[in-house]
Amino acid sequence: MSEIVALTRLLITRSRTALTLAIAYMLVIHISAALFSVGVFSDGDVGGQLALKRTATMIVVMFSLPLLGITFALFDFSERADVSGGATGYLPWLLRMPVKTWKLAAVPLGLKTLWTLAICGAIAMTARFFGTPLERWFMPAIGIATLFVLACVITWHPFRWSYTRASLIGILFVPAYAWLIVSVSFAFADKRSDLPSDTTSIAAAWIVGLSAYTALTLLALRAVRLARFHVAGRISESAGWLATADPLPAVGADATSEASFLRPARVSPIAALVKFEASKFAGMGAKIIVAGWLLIVLFFSLFSYAGTDSLVFLVVALLFPGIFMNEWKNSGLQQRFLPNTLAVAPIATTTLVWTQQLIATTIWFASLLGVPIVFTIWSFNGASAPLIRAWQRAIAPQFDTPDAVWRLTLIAAVIGVLLVLRQTTWNIAAQSTESKRFVYWTIAAKFAVAFFAFSWFLYQFLRFPDWEAWTLWAWQCIAQLPTLLPWLAIIKGILVVTATTMLYRSGLTRRRTVVGLLVGYLVCTFATAAVVWQWMPSDRVALWHCLTAAAVLMPYSRLVLAPLCLAHSRHA
């Protein structure tokens, strides 16, 4: 068997589950778009057809972004390397195989590039099917593939200093993001756009794009060649962590010395775990992430005009520091949820997993804290005035209360807090299983539900001729939500009873803790419902509506079942 074929089969096998889900997701996107176009664009109504087709094309592009995002993990021979270390991320056993270096680099880079071309080509075919062909798609695809080559260079290259890789990620993030925006924008560039679309500019873009791709490919080849000789990085052995440790006392120390009479320190397991995790944030990588968070807050604070899109971009931008900080915390675990030191430590499973959930939630709240900070600055400098006026125009016909905008904003903030709690607690519970297949399938199920819900929502949106008609329909749908709340409450009650019973029967915690969790869930539910009901600017919303919605959104099962997930992987 050819070496290239063998490497290709190995890459496909390593990414089989994610690749299967990605292909199915891509087929669903484009088949749904085709069916939608047949149902909407063939009814003989030519008014607004071009705008609808362009909107549908942009939606297909938006739904294809996750397919491009997972390309960083597809077709790769990289381990989950420690970003703070200098060792190469390439699989060491492959580097020792009698395979030519250029093949080790070319096969994963080639498959990533072909996958990117397939995604962009499918988008171009769907856009042409809509009758709104893209101006160009091959050049943007090469530009996007260049980012994946850059990621491989940083991952495969061994470095002399420990934090070089983390520093490069922080430094290159903004230029890489700008490169992505420019690459995607060139697919739609024409004479009416802001980007230059003349022949000279397009030729220059081709030269720059191909040159960058070629240069980074050569750097990736050099990185693999260097990694074959310096797998663990080029770090001096005297600079290891052992050299910084305090010297231990001699074995034959005087038993009558003052140190022998000191009482051992009493530290609770939770405090020890928090201190252990906090020590990871003292590195250079965490400082770079914090600096990036400050730059995002500063950048958006300088806006003199803020609309709804600005607020959305702010929230999306502040998601990245939370993601990077959690990845930094988990770096170096080699696909394990816990380091071996903690996995065998005499610490209760409930303490381990609930502390991890607490830390992850704290990181996310700290990252999203930039939203109220920036919004407060916008309120002082007047940048948020257009945003507030737009909200008032949309809300005023439905509510008579003068301060309805601020009340609904506070309610939206409460809902956002609950959604963050649900997501972070679920992430830790899923990761604690240490089962990639379980994580992939649960993510696929969430994406499927979200995709079909959003597709239905989008279909309804495009049926209406103007914004006012759609707004009226949306408020009518919101008025029908109370009919679903009892059914959702029944499902939530079944989940709560089942999860509580499973935790109690597992013997992982005491009865008092189980009762405390259940009481805490009920207290938080009632308190949240009472606060939201007081803020609600409408008499049509009853207390039981708020109570049922709070009970459904309040995370409980993922908290209670997380110890069982960790216990299964910890003692397997």
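Residues numbered from 1 in each chain as written. Predicted model: local features only at pLDDT ≥ 70, side-chain atom pairs only at ≥ 80, totals over all residues. Heavy atoms only, no water.

For the protein, the helix and strand inventory stands at 22 helices and zero strands. Taking the intrachain contacts of the protein between residues at least 6 apart in sequence as the baseline, contacts between residues at least 24 apart amount to 82%. Surface accessibility of the protein: about 32,400 Å² in total, with carbon and sulfur atoms responsible for 71%. (Helix = DSSP H or I, 4+ residues; strand = E, 2+ residues; numbered from the N terminus. Contact = heavy atoms within 4.5 Å. Areas by Shrake-Rupley, 256 points an atom, 1.4 Å probe, with all protein chains shown as cover.)

Between the first and last C-alpha of helix H20 (residues 511–535) there are 36 Å, a value that for 25 residues agrees with the 36 Å anticipated at 1.5 Å per step. Those residues of H20 that fall on the buried side of the exposure criterion are Val-514, Tyr-521, Thr-525, Thr-528, Ala-529 and Val-532. At its buried positions, H20 is contacted by helix H16 (404–431), helix H19 (485–506) and helix H21 (543–553). (Expected span 1.5 Å × (residues − 1). Buried < 20%, exposed > 50% of the residue type's maximum accessible area, 1.4 Å probe, protein only.)

The next subject is the packing of helix H15 (residues 385–395) against H16. Following both chains from N to C, one finds H15 and H16 inclined at 100 degrees, their axes separated by 9 Å at the closest point. With respect to H16, the axis of H15 lies roughly perpendicular. Of the residues in H16, those in contact with Ile-388, Trp-391, Gln-392 and Ile-395 of H15 are Ala-404, Val-405, Trp-406, Leu-408 and Thr-409. (Axes fitted to C-alpha atoms, helices over the stretch in contact; angles between N-to-C directions. Parallel < 35°, antiparallel > 145°, perpendicular 65-115°, else oblique.)

This next bit is on the nonpolar core. In this structure, Leu-67, Tyr-90, Trp-115 and Trp-156 are the most contacted members of the largest nonpolar core, which totals 54 residues. Elements with a contribution of two residues or more to this core: helix H1 (3–14), helix H2 (16–40), helix H3 (49–69), helix H4 (92–95), helix H5 (101–130), helix H6 (138–156) and helix H8 (199–227). For this core, the element with the highest residue contribution is H5, accounting for 12 residues. If we skip the residues at most four places from it in the chain, Trp-156 touches Asp-76, Ser-78, Thr-88, Gly-89, Tyr-90, Ala-105, Pro-108, Leu-109, Ala-220, Ala-223, Val-224 and Ala-227. Grouped together as the second largest cluster of nonpolar side chains are 18 residues, Val-297, Leu-311, Leu-368 and Phe-375 included. (Core = buried A, V, L, I, M, F, W, Y, C linked by side-chain atoms within 4.5 Å.)

Our focus in this paragraph is the confidence of the model for the protein. When pLDDT is averaged across the protein, the result is 78; 81% of the residues are at 70 or more. Considering each helix and strand of the protein separately, the mean pLDDT is smallest for helix H18 (residues 467–479), with a value of 71, and largest for H20, with 91. Every residue in residues 44–48 is under pLDDT 50, and counting partners more than four places away or in other chains gives zero contacts. Counting interchain partners and residues more than four positions distant, the pLDDT-below-50 stretch residues 234–262 has 11 contacts. (pLDDT = per-residue confidence, 0-100.)

Following both chains from N to C, one finds helix H11 (residues 308–330) and helix H13 (residues 349–368) inclined at 145 degrees, their axes separated by 8 Å at the closest point. H13 is crossed by H11, and the crossing has right-handed handedness. Contacts between H11 and H13 involve Val-315, Leu-318, Leu-319, Pro-321, Gly-322, Ile-323, Met-325, Asn-326 and Lys-329 from the first element and Gln-356, Ile-359, Ala-360, Ile-363, Trp-364, Ser-367 and Leu-368 from the second. A breakdown of the residues in the contact of H11 with H13 according to their chemical character gives 11 nonpolar, four polar and one charged. (Left-handed = near helix turned anticlockwise from the far one by under 90°. Nonpolar A, V, L, I, M, F, W, Y, C, P; charged D, E, K, R; others polar.)

On the surface, a cluster of nonpolar side chains totalling about 410 Å² of accessible area is made up of Val-312, Val-315, Val-316, Leu-319, Ile-323 and Phe-324. Given the relative accessible area of 31%, Leu-319 is considered partly exposed. (Patch = residues over 30% accessible without salt bridge, like charges linked within 9 Å, V, L, I, M, F, W, Y side chains within 5 Å. Salt bridge = Lys/Arg side-chain N within 4 Å of Asp/Glu carboxyl O.)

Notably, Phe-75 is not glycine yet its phi reads approximately 50 degrees, a positive angle. Mapped onto the elements, Phe-75 comes out in the loop between H3 and H4. A residue is classified by how much of its surface remains accessible, and Phe-75, at 5% relative accessible area, is buried.

With that out of the way, let us pick up the pattern of salt bridges. Counted according to the given criterion, the structure contains two salt bridges. Residue Glu-3 pairs with Lys-103 through a salt bridge whose shortest N-O separation is 2.9 Å. Separated by 100 residues along the polypeptide, Glu-3 in helix H1 and Lys-103 in helix H5 bring together distant segments of the chain. The exposure class assigned to Glu-3 is partly exposed, which follows from its relative accessible area of 29%. The partner of Asp-76 in a salt bridge is Lys-112, and the shortest N-O contact between them spans 3.8 Å. Taken together, the residues span a long stretch of sequence, with Asp-76 in the loop between H3 and H4 and Lys-112 in helix H5 at a distance of 36 residues. Judged on exposure class, the residue Asp-76 and its partner Lys-112 are both buried.

Here we come to the side chain of His-157. Structurally, His-157 can be placed in the loop between H6 and helix H7 (164–186). Accessibility expressed as a relative area gives 13% for His-157, which makes it buried. Engagement of the side chain of His-157 in a polar contact is seen with the side chain of Arg-222, the distance being 3.3 Å. (Polar contact = N/O pair within 3.5 Å; in protein donor to acceptor, adjacent residues only side chain to side chain.)

This part covers the environment of Met-58. Tracing the backbone through its elements, the reader meets Met-58 in helix H3. The exposure class of Met-58 is partly exposed, given its relative accessible area of 43%. In this structure the C-alpha to C-alpha distance between Met-58 and Ile-123, which are 65 residues apart in sequence, comes to 9.6 Å.

Time to look at the side chain of Ser-384. Structurally, the position occupied by Ser-384 is in the loop between helix H14 (370–381) and H15. Beyond its immediate sequence surroundings of up to four residues, Ser-384 is in contact with Trp-378 and Ser-379.

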